[in-house]
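So the chains spell out like this:
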Amino acid sequence: MTGIPRSSARCAAPRRRLRRGVLLPAALMLVTSCSTGSDSGKAGADGAGDPLFPRLGNGGYDVQHYGLTLDYEPEGNRLHATAVITARATQDLDAFNLDLKGMKVRDARVDGKPAGTARKGTELTVTPGTALDKGREFQTVVVYEGVPKEITDADGESLEGWVETDSGAAALGEPTGSMAWFPGNHHPSDKAAYDIEVTVPKGYTAVANGELKRKEVRGDRATFSWHNPEPMASYLASVVVNEFEVTTTKAGDLPVYIATHPEEPAAGPRMAKLLPRAIDWASGLFGPYPFSSAGAVVDHNEYVDYALETQTKPYFDEAPTDAIVVHEVAHQWFGNSVTPRTWRDMWLSESFAQYAEWMWEEKEGGRPVQRIFDDFYSGKDPESSGIWAFPPGDPTPETIFDPPVYGRGAMLLHELRRGVGDGVFFAIVRKWVADHRHGNGDTAEFVALCEERAGRSLKPLFDKWLWGEGRP
Ligand code: ARG
Ligand code: ZN
């Protein structure tokens with residue numbers, strides 16, 4: 001399931017720099033960024049054409065399903081794993097790349113036959129015994145093992161990838177962390193279904209996306225089999241291992257699975273009440289909840305200082321505030337079901353999640369949304385610090401999680417709402433969610449939808465709030 005238009009999904013790495021400020025000459029750039037030789041038309045590109053992270057993802061195929069079988073030993077933090085990747089070739093392929101950081105590759109097969117592998121940086125090149133014709137569905141099996149890597153973000157501080165914690169581990173994927181624990185097409189434009197099976201020592205619980213289909217204890221090991229049928233971007237895939245307590249409940253017909261760290265004893269019952277309320281409220285505003293299960297993981301993680309909207313079960317590094325829960329619940333529509341097509345479109349995910357927090361505050365008897373907007377504009381709200389640093393439509397790899405993408409993006413949504421009126425605004429939001437359900441959406445498509453529904457050009461609004469420098 002691929003969302004970047006074919007034409008741009010090839011070898012677009014125009015922003016790669018050798019060192020800060022030193023642009024590669026165009027001719028050289030072609031050779032280096034397409035080192036697997038996509039010019040011959042036979043090897044898949046080593047990037048998906050992302051403007052901020054050109055090497056993330058790959059070209060030449062479209063993944064339908066990942067089957068991940070992980071055996072994790074917390075003692076020593078070791079993973080033994082097999083990835084079964086079902087994909088369709090979108091061009092003739094004599095070789096293709098997967099993204100994988102660290103880990104030792106033991107074996108690779110394509111359609112059951114031994115395949116060649118070569119590694120360079122985070123690129124794993126797989127060469128099948130027989131070339132694949134365009135349109136062909138094929139299955140790649142990669143057997144790998146090792147101590148999975150922890151990755152420091154481009155922002156220079158936050159941790160992602162496979163993060164070992166005091167009593168377990170958390171796999172966090174945004175934006176580049178998923179390649180630390182499984183090989184794949186790690187770009188948000190290629191979404192796929194997942195089955196994740198994790199074996200851990202008895203006493204541990206392994207949580208992943210979707211529904212728990214089976215728990216099986218054999219000797220001193222326990223296997224948890226998770227089924228996530230709806231398309232998911234790889235940055236939203238997650239495995240969290242710890243000695244969790246588990247609370248299950250329902251939100252309407254939806255099964256809700258909540259895993260809480262023993263150091264956060266109040267979180268289970270609290271989340272069991274709050275999640276169904278937040279999901280019900282959000283469904284009323286945005287349309288039906290997009291997935292077949294819901295839940296949360298409340299960890300006690302000293303190494304990570306953020307929550308993540310991991311699909312169906314957002315991850316919390318500690319017991320969260322209501323606002324953070326509502327933020328991650330809103331992401332299930334914005335970010336998870338409708339996924340930004342590239343990392344530059346990140347504001348389409350974060351601004352809606354932030355705006356949901358504002359609407360929740362108003363509904364719960366706190367400040368009206370307009371007051372929050374005013375407090376952000378004047379700087380009175382402490383969360384508004386830094387929101388004018390750059391235009392939210394144009395972040396860098398270092399700044400995709402910075403305040404303009406969240407706060408100023410939410411202000412843009414509020415200005416849009418004031419401009420077109422509540423009726424048109426919520427019609428736009430619901431149509432956006434319905435049109436791009438389980439797919440991708442980008443800034444141009446959002447602007448086009450808004451203008452179509454408003455019946456006029458909204459260029460001044462977007463120029464001011466999305467593209468303009470400084471405080472409008
Ligand atoms: N998307 C997450 C949220 O808004 C934030 C993730 C921050 N990730 C990071 N690697 N710094 O809830
Ligand atoms: Zn967010």
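In the block above lies the structure referred to throughout.
On a predicted model such as this, the values are computed, not experimentally measured, just so you know.

Caption draft 1: Summary view of helix H5 (residues 369-378). Taken together, the buried positions of H5 are Val369, Ile372, Phe373, Asp375 and Phe376. Here the buried residues of H5 occupy an arc of 165° about the axis, which is enough to place them on one side. Lining the buried residues of H5 we find helix H4 (347-363), helix H6 (403-420) and helix H9 (459-467). Backbone geometry just downstream of H5 places Gly379 in the positive-phi region, at approximately 90°.

Caption draft 2: Highlighting the coordination of the zinc ion (ligand 2). Only His327 (NE2), His331 (NE2) and Glu350 (OE) from the protein reach the zinc ion (ligand 2) as donors, at distances of 1.9 to 2.0 Å. One can describe the donor arrangement at the zinc ion (ligand 2) as irregular, given that its four donor atoms subtend angles of 97 to 137° at the metal. Donor residues for the zinc ion (ligand 2), ordered by position in the chain, follow H-x3-H-x18-E. Highlighted residues: His331 in helix H3 (residues 322-331) and Glu350 in helix H4, separated in sequence by 19 residues. Note on His331: relative accessible area 0%, which makes it buried.

Caption draft 3: How the structure looks around the nonpolar core. One finds Trp181, Val239, Phe286, Phe446 and Phe462 to be the most contacted residues of the largest nonpolar core, which totals 136 residues. Among the elements that make up this core, the one with the highest residue count is helix H2 (residues 267-286) (eleven residues). Contacts of Trp181, omitting those with residues within four sequence positions, involve Leu68, Leu70, Leu79, Tyr144, Trp162, Ala171, Ile196, Ala237, Ser238 and Val239.

Caption draft 4: Quick peek at the environment of Gly67. With respect to the secondary-structure elements, Gly67 resides in strand S1 (residues 61-73). The buried category is assigned to Gly67, whose relative accessible area is 14%. Here the alpha-carbon distance between Gly67 and Ala434, two residues 367 residues apart in the chain, equals 28 Å. Those residues in contact with Gly67 that lie beyond four places of it in its chain are Thr82, Ala83, Val84 and Asp195.

Caption draft 5: Focus on the packing of aromatic side chains. The full count for this structure, using the stated rule, is 28 aromatic pairs. When the centroid spacing of 4.8 Å and the interplanar angle of 55° are considered together, the rings of Trp358 and Phe376 count as tilted. Of this pair, Trp358 sits in helix H4 while Phe376 sits in helix H5; the two residues are 18 residues apart in sequence, bridging distant segments of the chain. For Trp358, a relative accessible area of 3% puts it in the buried group. By way of ring pairs, the aromatic residues Phe286, Tyr289, Phe291, Trp333, Phe334, Trp347, Phe352, Trp432, Phe446 and Phe462 are connected into one cluster. Seen from the ring of Trp360, Lys363 lies directly overhead, with NZ or CZ sitting 4.3 Å from the centre. Cation over ring: Arg471 sits above Tyr377, and NZ or CZ is 4.6 Å from the ring centre.

Caption draft 6: Just the sheet that holds strand S14 (residues 211-218), in detail. Ordered in space as S5-S4-S8-S2-S1-S12-S15-S14, the eight strands form an open sheet in which the pairing is mixed. Edge positions in the sheet fall to strand S5 (113-114) and S14, since each has one partner strand and no second. One ladder, built from six bridges, connects strand S4 (residues 104-110) with strand S8 (residues 137-146); its direction is antiparallel. Within S8, the position partnered with Ala108 by the bridge is Val142.

Each value, and the rule that gives it
- Residues numbered from 1 in each chain as written.
- Chains lettered and ligands numbered in written order.
- Predicted model: local features only at pLDDT ≥ 70, side-chain atom pairs only at ≥ 80, totals over all residues.
- Heavy atoms only, no water.
- Buried < 20%, exposed > 50% of the residue type's maximum accessible area, 1.4 Å probe, protein only.
- Helix = DSSP H or I, 4+ residues; strand = E, 2+ residues; numbered from the N terminus.
- Arc of directions from axis to C-beta.
- Contact = heavy atoms within 4.5 Å.
- Donors = N, O, S within 2.8 Å, 3.2 Å for Na, K, Ca; no water.
- Tetrahedral: all angles 85-135°; square planar, octahedral: opposite > 155°, others 65-115°.
- Core = buried A, V, L, I, M, F, W, Y, C linked by side-chain atoms within 4.5 Å.
- Phe/Tyr/Trp six-rings, centres within 6.5 Å; stacked < 30°, edge-to-face > 60°.
- Lys NZ or Arg CZ within 6 Å of the ring centre and 35° of its normal.
- Pairing = 2+ DSSP bridges.

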